[in-house]
Amino acid sequence: MTPSPTSPKTPWDQKPLTQRDLAILVGAVGVVLLAIVGTFVLLASKTTDKPTQVAATTAPTGGTPVAAEPEYPPLAALPPVSFPLDNPYSDAKAELGKLLYFDPRMSGDGSTSCNSCHPANDGSWAIGSPMSFGYPGTTHWRNSQTVYNVAYYLRLNWDGSATSIEKQNNGAWTGTVAGNLDTAMAEERLAQIPEYARLFKEVFGTDYPLYGDAIKAVATFQRTIVSQNVPFDAYLNGDANAISSEAKQGYELFTGKANCIACHNGPLVSDNSFHNTGVPTAPDFQTNALRQITVRWQYWNRGVPEDEYAAMNADLGLYYITKLDSDKGKFRTPSLRELCYTAPYMHNGVFTTLEEVVAFYNAGGGDPNGSAALTTSKDPLLQPLNLGEQEQAALVAFMQSLCGDKIIVEQPELPEYEVWPGVTLGGSR
Ligand code: HEC
Ligand code: HEC
């Protein structure tokens, strides 16, 4: 089923404010802008060092209510992680998941672990090359995302193709461009590592390690990688000195003049939704043969129409899932937490620094290759911002205040293969 622009609830509607809502609001924008400007003049006159929830959403008090003012979920500290009912947390499960995260035997040729592409031992949880490498013989066409705070996303991957961490991880282990793992082979391998057999029994009560349980364990481990000691959160909690005055100015711009809050909102600083911001195509997207092979292979697998497959001059993002022209070039809004550790930025890593990202937004986002289809789907929220250099630096300082402790998990010692005489024919087969 393809969601029509007027259909009520599709999986893509899990967002606080849809573009359709925004279109309706367009008529009222003039009034709203006046109200916003008024609000800021008012707030600016009250110089106070106390944390304030200054936002474009601040409703004017008294007088006639301004009906159409957009309301975005305010920034806030992250709530505790909620674990799925069918995969509850336990310390032992997270510990087992950590071993599996680092274990290259969970890939076809034993070469590639999750940690290869999401390095935990340098605290980035995402490789620093613009686009990721792939399983030997392949290369990926997107930037490897960070594992920080993945517990809070409603959909995983840049195009939202996975609806849970468990489903994402299954794709990561078995997918041709990542782990290329045969699941029955995985069970045989795990069964011949007696320490794993013991741990699976302890955590899941089975006599034989099951692949589905390995997924549960590795997903549980990732749900523990959550921002800690974030200066901006401390500021919101009342510690006025937790962030610099430049970062405070950046926060005001973020929620006001620069209106980043329209998409980067709520505790995750992401609306969990999809937008085309016009990020330029990566320099070698069209010319790197290995990249074209993997991207075309994926598009073919997803049933992308022949003309798009043949053209293949840009990453079409969400379109690849929905096949709606209006979704071309849309990607999931990433969280803006922990960006200090996760450069480069955007789905294809085209920007190396936060300064470059802010300059991109200051120019009103990108011109998506001059491609008509991609230009049409570009988000109308993005307009030139006319921010001075000092204001742009303030936005960067604000984003830096969203960086907490760097979480480093060292490579653990992995249990060894040993032929295990007790093994019986079991598993999922
Ligand atoms: C060969 C490199 C590679 C390997 C191996 C790999 N990943 Fe990834 N991972 C990526 C890339 C690239 C993306 C972005 C994919 C996309 O959007 O199409 C990604 C996306 C993700 C995401 C989504 C994050 C988000 O914000 O939506 C998670 C979670 C993740 N990987 C975890 C893992 C885990 C766990 C493993 C091991 C089971 C793993 N990955 C193995 C490269 C890799
Ligand atoms: C219309 C919605 C929208 C608005 C408004 C918006 N962003 Fe974004 N932002 C996105 C999306 C979508 C992406 C991912 C784009 C891609 O990869 O193609 C993104 C990516 C980013 C990234 C890269 C993060 C990463 O992990 O790669 C940064 C940094 C960022 N935005 C900062 C800002 C700032 C600062 C503002 C305000 C000046 C802003 N954004 C306004 C939707 C938006």
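If you're wondering where the values come from, they're calculated on a predicted model, not measured in any experiment.

So, how was this worked out
Residues numbered from 1 in each chain as written. Chains lettered and ligands numbered in written order. Predicted model: local features only at pLDDT ≥ 70, side-chain atom pairs only at ≥ 80, totals over all residues. Helix = DSSP H or I, 4+ residues; strand = E, 2+ residues; numbered from the N terminus. Buried ≥ 20, exposed ≤ 12 C-beta atoms within 10 Å, placed from the backbone. Contact = placed C-beta atoms within 7 Å. Expected span 1.5 Å × (residues − 1). Arc of directions from axis to C-beta. Near = placed C-beta within 6 Å. Nonpolar A, V, L, I, M, F, W, Y, C, P; charged D, E, K, R; others polar. Axes fitted to C-alpha atoms, helices over the stretch in contact; angles between N-to-C directions. Parallel < 35°, antiparallel > 145°, perpendicular 65-115°, else oblique. Left-handed = near helix turned anticlockwise from the far one by under 90°. Core = buried A, V, L, I, M, F, W, Y, C linked by C-beta atoms within 7 Å. Domains from an automatic or database assignment. pLDDT = per-residue confidence, 0-100.

1. Observations regarding the overall build of the protein chain
Logical step 1: Regarding its fold elements, the protein chain presents 16 helices and two strands.
Logical step 2: In the protein chain, which comprises 429 residues, the share counted as buried stands at 42%.
Logical step 3: Look at the contacts in the protein chain between residues 6 or more apart in sequence, and 72% of them connect residues 24 or more apart.

2. Describing helix α16 (residues 389-400)
Logical step 1: The first and last C-alpha atoms of α16 sit 17 Å apart over twelve residues, in line with the 16 Å expected at 1.5 Å per residue.
Logical step 2: All buried positions along α16 are accounted for by Gln392, Ala394, Leu395, Phe398 and Met399. Angularly, the buried residues of α16 cover 155° about the axis, an arc narrow enough to put them on a single face. For α16, exposure combined with an orientation more than 90 degrees from the buried face picks out Glu389 and Gln390.
Logical step 3: Each element contacted by the buried residues of α16 is listed here: α10 (245-255) and α14 (354-362).

3. Regarding the site of ligand 2
Logical step 1: Residues in contact with ligand 2 amount to 26 residues; listed here are only the nearest, Cys260, Cys263, Tyr345, His347 and Tyr361.
Logical step 2: Counting residues per element, the shell around ligand 2 draws most heavily on α14, which supplies four residues.
Logical step 3: Of the residues that constitute the shell around ligand 2, the class distribution is 18 nonpolar, seven polar and one charged.

4. Here's the deal with unusual backbone geometry
Logical step 1: Going from Ala343 to Pro344, the amide bond is cis rather than trans, its omega being -5°.
Logical step 2: For Pro344, the position within the fold is in the loop between β2 (331-332) and α14.
Logical step 3: Of note in this structure, Glu338 is not a glycine but carries a positive phi near 65°.
Logical step 4: Here Glu338 shows up in the loop between β2 and α14.
Logical step 5: Residues other than glycine seldom take positive phi values, yet Asn386 does so here, at roughly 55°.
Logical step 6: In this fold, Asn386 is placed in the loop between α15 (372-376) and α16.

5. Quick word on the packing of α14 against α16
Logical step 1: Packing of α14 against α16 brings their axes to within 9 Å, and their N-to-C directions diverge by 125°. Judged by the angle between their axes, α14 and α16 are oblique. Note that α14 runs across α16; the crossing there is right-handed. The segment α14 lies against α16, with Leu354, Glu355, Val358, Ala359 and Asn362 engaging Gln392, Leu395, Val396 and Met399.
Logical step 2: When the residues that make up the contact of α14 with α16 are grouped by side-chain class, the tally is six nonpolar, two polar and one charged.

6. A look at the site of ligand 1
Logical step 1: Lining the immediate surroundings of ligand 1 are 30 residues, of which Cys114, Cys117, Asn157, Trp158 and Ala172 lie closest.
Logical step 2: At the level of elements, α4 (114-117), α5 (165-174) and α8 (211-222) are the ones that each hand at least two residues to the shell around ligand 1.
Logical step 3: Looking at the shell around ligand 1, the element that brings in the most residues is α5, giving five residues.
Logical step 4: Residues belonging to the shell around ligand 1 are distributed by class as follows: 15 nonpolar, 13 polar and two charged.

7. Brief notes about the nonpolar core
A general tendency of soluble globular proteins is for nonpolar side chains to be buried together.
Logical step 1: In terms of nonpolar packing, the biggest core is built from 84 residues, with Leu100, Ala214, Val218, Phe254 and Leu395 touching the most fellow members.
Logical step 2: Top element by residues in this core is α8. It accounts for seven residues.
Logical step 3: Shared between two domains, this core holds at least three residues of each, these being domain 1 (40-52 + 69-77 + 229-400) and domain 2 (91-222).
Logical step 4: Those residues in contact with Val218 that sit more than four places away from it in its chain are Gly97, Leu100, Tyr101, Cys114 and Asn169.
Logical step 5: Trp158, Leu318, Tyr319 and Ile321 belong to the second largest nonpolar core, which has ten residues in total.

8. Examining helix α11 (residues 289-301)
Logical step 1: For α11, with 13 residues, the first-to-last C-alpha span of 18 Å sits near the 18 Å given by 1.5 Å per residue.
Logical step 2: Downstream of α11 by a residue or two, Gly303 has a phi angle that is positive, lying close to 70°.

9. Comments concerning the environment of Asn157
Logical step 1: Along the chain, the position of Asn157 falls in the loop between α4 and α5.
Logical step 2: Along the sequence, Asn157 and Arg142 sit 15 residues apart, while their C-alpha atoms lie 9.7 Å from each other.
Logical step 3: Non-local contacts of Asn157, meaning those with residues more than four positions away in its chain, are made with Ala162 and Gln168.

10. As for the environment of Thr353
Logical step 1: Structurally, Thr353 is set in the loop between β2 and α14.
Logical step 2: What makes Thr353 exposed here is the crowd of 12 C-beta atoms within 10 Å.
Logical step 3: Spatially, the C-alpha atom of Thr353 lies 9.6 Å from that of Leu339, the residues being 14 residues apart in sequence.

11. Quick word on the confidence of the model for the protein chain
Logical step 1: Residues with a pLDDT of 70 or more make up 80% of the protein chain, whose mean pLDDT is 85.
Logical step 2: Of the regions scoring below 50 in pLDDT, residues 1-66 engages in 61 contacts with residues more than four places distant in sequence or in other chains.

12. What to know about the packing of helix α3 (residues 91-102) against α8
Logical step 1: Between α3 and α8, the shortest axis-to-axis distance is 7 Å and the interhelical angle comes to 95°. On the basis of their axis angle, the class for α3 and α8 is roughly perpendicular. In contact with Lys93, Ala94, Leu96, Gly97, Lys98, Leu100 and Tyr101 of α3, α8 contributes Ala214, Lys216, Ala217, Val218, Thr220 and Phe221.
Logical step 2: When grouped by side-chain class, the residues that make up the contact of α3 with α8 number eight nonpolar, two polar and three charged.

13. Here's the deal with the environment of Ser227
Logical step 1: Mapped onto the secondary structure, Ser227 falls in the loop between α8 and α9 (231-236).
Logical step 2: Spatially, the C-alpha atoms of Ser227 and Ala77 are 9.3 Å apart, while their sequence positions differ by 150 residues.
Logical step 3: Once residues lying within four places of it in the same chain are set aside, the contact partners of Ser227 are Leu78, Tyr148, Asn149, Arg337, Glu338 and Gly404.

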